[in-house]
Amino acid sequence: MNEVAAPTQHAALAARVSEACSQAGLVGEPHAEALAALEAIDYPTTRQERWRYTRVARFLEVAPSAPADLTAPPAVVGNLEALRFTFVAGQYINGDVLDEGADGCFAGPVSLALERYPERLKGWSKSDFSTREWFAALQASAPQDGVCILVPEGKSLPRPVLAHHHMPDGVHVSQPRDLIHIGNNAAAEAILWSDNAAQSAGMLNAAITASVGDGASLSLEIVQDEPGSVHHMGHHHFTQGSNSKLTLRTATACAHWLRNDLHIVQDGTHADSTFHGCYLPNGRQFVDHHTRIDHAHPDGQSNELYKGLAADKSTAVFNGKIMVHKDAQRIEAYQSNSNLLLGEQASMYSKPELEIYADDVRCSHGCTTGQFDKEALFYLRSRGMTETAAHNLLVQAFLAEVLNGFRPEIRDHVHAVFSRRLGWN
Amino acid sequence: MLKIDNLHAQIGDTEILKGLSLELGAGEVHAIMGPNGSGKSTLASILAGREDYEVTQGSITFDGVDLLELDATERAVAGIFLAFQYPVEIPGVSNINFLRTALNSIREQREEAPLSGKDFLAKVKACAQLVELDGKLRDRSVNEGFSGGEKKRNEVFQMAMLEPKLAVLDETDSGLDIDALRIVAHGVNSMRGADRSFLVITHYQRLLDHIVPDFVHVLAGGRIVHSGGKELALELEEKGYDWIVDAQATEQA
Ligand SMILES: Nc1ncnc2c1ncn2[C@@H]1O[C@H](COP(=O)(O)OP(=O)(O)OP(=O)(O)O)[C@@H](O)[C@H]1O
Ligand SMILES: [Mg+2]
């Protein structure tokens, strides 16, 4: 490497991010492999297939301002009983820490888990993304705080965990990591919530890493409700053991610019993965869901359903990859992505990718992008509904299949956000 | 109440209505019969405000208002209701939510206060009873997976809920079994009144035994070619349409 050459723009970004995060306080050691990967991997461009519709040039302009105001934001879904943890700009603020000792359940900030149970967290900052993707490598090179859920073999959490990540007003950089480890035959439910202030900007580069043991189950609801103008890059990585069950629901309720990379690896036989998502960009917003599931062992099942709507001049991207490995016989994998386009200038790019190397599998996928059903619209209007009321009813109906899977408190919140944004009420 | 005068309408380049005239007084029941493809559903759709048709000539006035100036929503607000020949399935929208939204949307446009939840449910109960609509159908998605007969009953249920001034029933009797026919007819009859008119499109005289019309019209080739009293339906049942259509052709020649 030429030592006198000016740093590239993305190296400069990495340096700024690293400095800002270090100043605020890192949690754990930067991961050596991630640091190496950060040097080795090219910055994403639209010439790469995985980034074809996803322009990340804007990230290069992110320059964090003064340290964030660490005041706790108002609680979200106040009517929901949960072990609550609040993080602001990647730093732990407060929460209902659960610590049952070295053999018991733990729910609390990663920073505290590292202090109390370093041995239980060995290798925690590692995720496949961090050596493959530039932004994931950046996250792992300067990790910040997030929630840590450890449920040992045969145990279950007494209550769901709700981790609330908040970005305050101003230009900030935040790189939280949430870490979930569910032991064999153990069970947990959690909600990972990210929101931000109206005048917030900058970058949220967030990782969620979870492993679900043999016979274990994890039910996770991810809510992204971000009215500010933060650029959000999410790296969501899940590994499942034999006979495990993962239920993952992601609602992108509001986002200025957001990309979720989701990767689920079925690392055992008879694993069951359900992953649903919904999104609804309007204005000039951008939302991108890239998902991938690896069926690496026989007899697994997966059920993927993503539904979205792009309005005004917004762009939505969906890419769903199903990878069936050579020995993964008798798996059943279903994928469906449907979209509604509202407005001549909205764009939707939807692409399924199936790679199947086993011969005895049942796979299906379907992508549809369309407009409102004209017959239905006329029927509703002939009953006296205004065009707006009819649109709203049809959008609600369209998203119901995904939204109704969330617990009612969350479903109602997301629905209210959608309604407010699209002027439904 | 409704006056259609020399209506010409086309879809694409095909003219379907070719000078149709018809007048309905308040509280009257008119039946329209006529061969397949003669334009009956087209007339019904145009009355309800479907935008696929282009009206090239003629006029429709409803309570003194130029109906052609109103869109579908405004016509419903003005009191027009169409029971569809082929009711539309709307997955994901419950029948009850659909009706509440429709009813309150109409009330809002009429600058009336929304119905309270209690009043709404009481009304649902009364109207469902009227057409003996199964309670389960109220909670299911609009028409989704309904049998042919259930769909038609649901149309009459909606009509009862919305209390229109003019109800256009497009073959509401087709697909109904004998009991259902009686029930639906009972629903319609109990809604008859001095300021509610009905335009009943049907192929079968049978329905008109139950819903006794004041007038019967024959629509053929896009026009009303013959009108008469309720006994005309019996005559049509017996003789078919040829004698009228032929007479009409001779007259025009
Ligand atoms: N969307 C359309 N495109 C082309 N032709 C149409 C369209 N809608 C109606 N038509 C034609 O207009 C004519 C009248 O149709 P309409 O449905 O009004 O008949 P109808 O009298 O209701 O018949 P039926 O007794 O079979 O219900 C038919 O020839 C039909 O094919
Ligand atoms: Mg017809």
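Just so it is clear, the model here is predicted, and its values are computed rather than measured.

Visitor: Run through the overall build of chain B, naming residues and quoting values.
Guide: Counting its secondary structure elements, chain B contains ten helices and twelve strands. For 253 residues, the compact-globule estimate of 2.2 N^0.38 gives 18 Å, and chain B sits close to it at 18 Å. Per-residue burial over chain B gives 51% buried out of 253 residues. Nonlocal contacts in chain B, meaning residues at least 24 apart in sequence, comprise 70% of its contacts between residues at least 6 apart. When the accessible surface of chain B is summed, it comes to about 11,100 Å², and 47% of that surface belongs to carbon and sulfur atoms. Taken as two groups, the 25 positive and 40 negative side-chain charges of chain B have centres that lie 7 Å from each other.

Visitor: Residues and numbers for the interface of chain A and chain B, please.
Guide: Facing the 18 residues of chain A at the interface are 34 residues of chain B. Both faces combined, the contact of chain A with chain B buries some 1,900 Å², and carbon together with sulfur accounts for 63% of it. For the pair chain A and chain B, the number of links is four salt bridges. Here B:Asp71 ties to A:Arg381 by a salt bridge, and the two come within 3.2 Å at their closest N and O atoms.

Visitor: Got a sec to walk through unusual backbone geometry? Specific residues and values, please.
Guide: The phi dihedral of A:Asn185 is positive, around 55 degrees, even though this residue is not glycine. In this structure, A:Asn185 sits in the loop between strand S8 (177-182) and strand S9 (187-196). In this structure, B:Glu171 takes a positive phi of about 50 degrees despite not being glycine. Secondary-structure assignment places B:Glu171 in the loop between strand S9 (166-170) and helix H7 (178-191).

Each value, and the rule that gives it
Residues numbered from 1 in each chain as written. Chains lettered and ligands numbered in written order. Predicted model: local features only at pLDDT ≥ 70, side-chain atom pairs only at ≥ 80, totals over all residues. Heavy atoms only, no water. Helix = DSSP H or I, 4+ residues; strand = E, 2+ residues; numbered from the N terminus. Rg over C-alpha atoms; globule rule 2.2 N^0.38 Å. Buried < 20%, exposed > 50% of the residue type's maximum accessible area, 1.4 Å probe, protein only. Contact = heavy atoms within 4.5 Å. Areas by Shrake-Rupley, 256 points an atom, 1.4 Å probe, with all protein chains shown as cover. Lys, Arg positive; Asp, Glu negative; His and termini not counted. Charge placed at Lys NZ, Arg CZ, Asp CG, Glu CD. Buried area = accessible area lost by both parts, 1.4 Å probe. Salt bridge = Lys/Arg side-chain N within 4 Å of Asp/Glu carboxyl O.

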